[in-house]
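Breakdown of the fold
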Amino acid sequence: MGYNLDPLGFIPELRDAVAAGGNLLRNRDVQQLVLNVALFTPLGFFIRVLGGRGVLTSFVVGLGVSAMVEFTQLTGVWGMYPCPYRVFDVVDLETNTLGAVLGSLAALAVPGVWRR
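Residues numbered from 1 in each chain as written. Predicted model: local features only at pLDDT ≥ 70, side-chain atom pairs only at ≥ 80, totals over all residues. Heavy atoms only, no water.

1. Points about the environment of Gly64
Residue position: Gly64 is located in helix H3 (residues 55-74). Given a relative accessible area of 32%, Gly64 falls into the partly exposed group. Put simply, Gly64 and Val87 are 23 residues apart on the chain and 17 Å apart in space, counted from C-alpha to C-alpha. (Helix = DSSP H or I, 4+ residues; strand = E, 2+ residues; numbered from the N terminus. Buried < 20%, exposed > 50% of the residue type's maximum accessible area, 1.4 Å probe, protein only.)

And the structure:
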């Protein structure tokens, strides 16, 4: 299967991870969610600090960049390969975009004189 279009598909995986007990950060499904958020957090941070833009811009740019990555995975690097070698996952769009928004919000802690 080359895609996942279920936006709530991560919920059963999280429920299973919590039910299994132990350290959640050792669970691969939880790691994927956390690392997807962490991957895009700097993007949102720098959009606010260096670009002087807000949460809405971080949301749109985060969603756009994440969509480009996911569509590249879906199309087999835009037709360079006969089939996709990665999975298009709408949950990745959600978590990457969330990371950009959280990065933008975290940048509010940076004093205004240091921005730009």
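2. A word on helix H5 (residues 90-106)
With 17 residues, H5 should cover 24 Å at 1.5 Å per step; its first-to-last C-alpha distance of 24 Å lies within 8% of that length. Among the 17 residues that make up H5, 12 are buried, leaving the element largely enclosed by the rest of the structure. Within the sequence span of H5, burial applies to Val90, Val91, Asp92, Leu93, Thr95, Asn96, Thr97, Gly99, Ala100, Val101, Gly103 and Ser104. The inward-facing, buried residues of H5 abut strand S1 (3-4), helix H1 (10-20), helix H2 (28-49), H3 and strand S2 (88-89). Here H5 starts with a cap whose side-chain oxygen sits 3.0 Å from the backbone nitrogen of Val91, and that cap is Asp89. (Expected span 1.5 Å × (residues − 1). Contact = heavy atoms within 4.5 Å. Polar contact = N/O pair within 3.5 Å; in protein donor to acceptor, adjacent residues only side chain to side chain.)

3. Notes on the confidence of the model for the protein
For the protein, the mean per-residue pLDDT works out to 90, and 96% of the residues sit at or above 70. Within the protein, helix H4 (residues 76-79) has the poorest average pLDDT of any element, 79, and H5 the best, 97. (pLDDT = per-residue confidence, 0-100.)

4. A closer look at the nonpolar core
Residues Leu33, Ala67, Phe88, Val90, Val91 and Leu93 constitute the largest nonpolar core, which totals six residues. Broken down by element, the residue count for this core peaks at three residues, all from H5. Filtering out sequence-adjacent residues up to four positions away, Val91 remains in contact with Asn4, Asp6, Pro7, Gly9, Phe10 and Leu33. (Core = buried A, V, L, I, M, F, W, Y, C linked by side-chain atoms within 4.5 Å.)

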